[in-house]
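# Summary of structural features
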Amino acid sequence: MTQSTKVLVVGSGPAGLTAAIYTARAQLNPVVIEGEPSSTSDQPGGQLMLTTEVENFPGFPEGITGPELMTNMRAQAARFGAQITTEKVTKLDLTARPFRAWVGGNDGEPDYEATSVILATGAKSIMLDVAGEERLLGHGVSTCATCDGFFFRDLPIVVVGGGDSALEEATFLTRFASSVTIIHRRDSLRASKIMQERALANEKITFLWNTQVTEILGDSKVERIGLTNTLTGEASSMDVAGVFVAIGHRPTTEIFANELDLHPNGYLAVHQGSLTSIEGVFACGDVQDHHYRQAITAAGSGCMAAIDTERWLESQGS
Ligand code: NAP
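Right, let's walk through the structure included here.

This part covers the overall build of the chain. Looking only at helices and strands, one finds six helices and 19 strands in the chain. For 318 residues, the compact-globule estimate of 2.2 N^0.38 gives 20 Å, and the chain sits close to it at 21 Å. When its C-alpha atoms are laid out on the principal axes, the chain stretches across 65 × 45 × 30 Å. When the 318 residues of the chain are sorted by exposure, 49% land in the buried category. When the accessible area of the chain is evaluated, it comes to approximately 15200 Å², of which 49% is carbon and sulfur surface.

The structure is reproduced here in C-alpha cells:
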C-alpha cells in the first residue's frame, strides 16, 4: 500500500536527521528512509557511523564518537514523531507531484507519495580502482578504521590518502596495528594542520611520499601491495596485512541523477539555500556540498532544507 506524507526525507546522516528533527517539530510528520546496511561504506547514519572521535561538533567539549552522535540525532528525531524506516529508496519519480518513491527494489505500486522531498543521501568512499581491491574488500581492504581496526592487532597496515580522513584513520589504527604507513601520491599533505601535527608526532606512523598503490595481492586476504613512485616510475612492493583506503568521497546521486541538475563534479546543484532544480525537492548535506563536508555543516544545511520545505509547503497551502 502506498503511504502518503507531506515530507519524505531520504538519508539519515546529520543532514537528513536534522531535517527530520526540524520538520517533525513543525508538526509535518516526516517519513525518513534511513537506508539499509549494504556494506561497511554504506549504511544508515552515513559516514559518521564509520568515524571515530568527533572533536569539532559544538556542544561536546570532550568529543563524542560518530555512532553515538548519530544515535542521539536519530532518537531526537524519533522523539518529535519522525517515522524512521530502515529501507533503501531504489527508485524516485520527481517528474510530477505528489513525488513517488519505491524502496527495496519494488517495481510495482510506489511505497511512498510525498508532497515534498528532502534529499540527504550523502557521499560514499572513493576506491583506488586497482587490481585486487574489490576482491579483497572485507578481507584486508577496508574503508572504515572504526569497523575493522580491531582485526589488525599487531599487524602492519597502510592507509592511502593525504587528507583529514587518511590521517584520522591512521592515527586511530595505531591503537591496533604494529605499524601504520601512510601512502600519499604527493610530497605534501592536504589534511588540516592539527591532523598533520598529530600524525607526524605519532611514532607508529611513517609516510611513504610520492607513491601510488598499483595492486593489492593475496589469496584469501591481503598479503602484499604493489607500489609505483610517482616521480621516478620505479615499481616496488610491500608486505602488509591491511589496506585502508581514505582518498575522498563521491556524492550518492544514482536515484535522481537523471531528474535533477548536478554540478559538473557530480554534486547535486542547489540554489537559494536548499532548493534543487525541481520545485518541492530540497537537498542538504554532503550530496550537495563539495566544499565544506563537515558534520556540522551537514546538520546546518539539514536545518535550512527543513525550513525551506516548511515555508514552501505553507505557500502551497499544505
Ligand atoms: P580529501 O580532503 O579530498 O583528500 C583526499 C586525499 O586522497 C588527497 O590527499 C588526495 O590526494 C588523495 N587521493 C585522491 N584520489 C586518489 C587516488 N586515486 N589515489 C591516491 N590518492 C588519492 O578527502 P578526505 O580526507 O576524505 O576529507 C574530505 C573532507 O572531510 C575534508 O573537507 C576534510 O577536512 C573533512 N574531514 C574532516 C575530518 C575532521 O575534521 N575530523 C575528518 C575527516 C574528513 P591529493 O592531495 O594529491 O589530491
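Turning next to the packing of helix α1 (residues 14-25) against helix α6 (residues 295-315). Two elements in contact, α1 and α6, have axes whose closest approach is 7 Å; the angle formed by their N-to-C orientations is 35°. Every pair of crossing elements has a handedness; the one defined by α1 and α6 is right-handed. Of the residues in α6, those in contact with Pro14, Ala15, Thr18, Ala19, Tyr22 and Thr23 of α1 are Ala295, Ala298, Ala299, Ser301, Gly302, Cys303, Ala306 and Ile307. Considering only residue class, the contact of α1 with α6 consists of 10 nonpolar, four polar and no charged.

Once that is clear, we can look at the sheet that holds strand β14 (residues 211-217). Read across the open sheet, the three strands follow the order β14-β15-β16; overall the sheet is antiparallel. Here the strands that pair on one side only, and so sit at the sheet edges, are β14 and β16 (235-239). Averaged over all neighbouring strand pairs, the angle between strand axes comes to 30°, with direction disregarded. Note that β14 and strand β15 (residues 224-229) share six bridges and pair antiparallel. Bridge pairing in β15 places Thr211 opposite Asn229.

Let us now look at the pattern of salt bridges. Scanning all chains against the criterion turns up four salt bridges. Between Glu34 and Arg74 there is a salt bridge, with its nearest N and O atoms 2.9 Å apart. On the criterion of sequence distance, the pair formed by Glu34 in the loop between β2 (31-33) and β3 (53-54) and Arg74 in helix α2 (residues 66-79) is long-range, its members being 40 residues apart. A salt bridge links Asp93 to Arg100; the shortest N-O distance between them is 3.0 Å. Look at Arg100 and you get partly exposed, because its relative accessible area is 30%.

Before going further, it helps to spend a moment on the pairing of β15. Here β14 hands over to β15 after six residues, with Gly218 in that stretch at a positive phi of 150°. Pairing geometry for β15 and β16, over five bridges, is antiparallel. By the bridge assignment for β16, Gly226 is matched with Ser237. Hairpin connection of β15 to β16: five residues between the antiparallel strands, including Gly233 at a positive phi of 80°.

Within the sequence span of helix α5 (residues 193-201), burial applies to Met195, Gln196 and Ala199. Looking straight down α5, one finds that the buried residues subtend no more than 100° of arc, so they occupy a single side. Set apart from the buried face of α5 by more than 90 degrees, the exposed residues are Lys193, Ile194, Glu197 and Ala201. Tucked into the core, α5 has its buried residues touching α4 (164-173) and β13 (205-208).

A separate point is α1. With 12 residues, α1 ought to run about 16 Å at 1.5 Å a step, and its terminal C-alpha atoms sit 16 Å apart, in line with that. Among the 12 residues that make up α1, 10 are buried, leaving the element largely enclosed by the rest of the structure. Taken as a whole, α1 has its buried residues at Pro14, Ala15, Gly16, Leu17, Thr18, Ala19, Ala20, Ile21, Thr23 and Ala24. Gln27 sits one or two positions beyond α1 and adopts a positive phi of about 65°.

Our next topic: the packing of aromatic side chains. Following the criterion strictly, the structure yields six aromatic pairs and no others. An angle of 50° between the planes, with centres 6.2 Å apart, marks the rings of Phe57 and Phe60 as tilted. Using a relative accessible area of 12% as the deciding quantity, one classes Phe57 as buried. Between Phe152 and Phe244 the ring centres are 5.3 Å apart and the planes differ by 70°, which places this aromatic pair in the edge-to-face class.

Below, the discussion takes up the sheet that holds strand β11 (residues 156-160). Spatially, the five strands line up as an open sheet ordered β10-β17-β11-β12-β13, and their pairing is parallel. Across the chains shown, the open sheet's two edge strands, defined by having one partner strand only, are β10 (141-142) and β13. The sheet contact formed by strand β12 (residues 179-183) and β13 spans four bridges and is parallel. Along β13, the bridge assignment pairs Ile182 with Phe207. Of the strands in this sheet, β11, β12, β13 and β17 (242-245) are in contact with α4, which crosses β11 at around 165°.

This part takes up the environment of Ser178. Mapping Ser178 onto the fold places it in the loop between α4 and β12. Put simply, Ser178 and Asp286 are 108 residues apart on the chain and 34 Å apart in space, counted from C-alpha to C-alpha. Aside from chain neighbours lying at most four places away, what touches Ser178 is Asp154, Leu155, Pro156 and Lys204.

Conventions we followed
- Residues numbered from 1 in each chain as written.
- Predicted model: local features only at pLDDT ≥ 70, side-chain atom pairs only at ≥ 80, totals over all residues.
- Heavy atoms only, no water.
- Helix = DSSP H or I, 4+ residues; strand = E, 2+ residues; numbered from the N terminus.
- Rg over C-alpha atoms; globule rule 2.2 N^0.38 Å.
- Buried < 20%, exposed > 50% of the residue type's maximum accessible area, 1.4 Å probe, protein only.
- Areas by Shrake-Rupley, 256 points an atom, 1.4 Å probe, with all protein chains shown as cover.
- Axes fitted to C-alpha atoms, helices over the stretch in contact; angles between N-to-C directions.
- Left-handed = near helix turned anticlockwise from the far one by under 90°.
- Contact = heavy atoms within 4.5 Å.
- Nonpolar A, V, L, I, M, F, W, Y, C, P; charged D, E, K, R; others polar.
- Pairing = 2+ DSSP bridges.
- Salt bridge = Lys/Arg side-chain N within 4 Å of Asp/Glu carboxyl O.
- Arc of directions from axis to C-beta.
- Expected span 1.5 Å × (residues − 1).
- Phe/Tyr/Trp six-rings, centres within 6.5 Å; stacked < 30°, edge-to-face > 60°.

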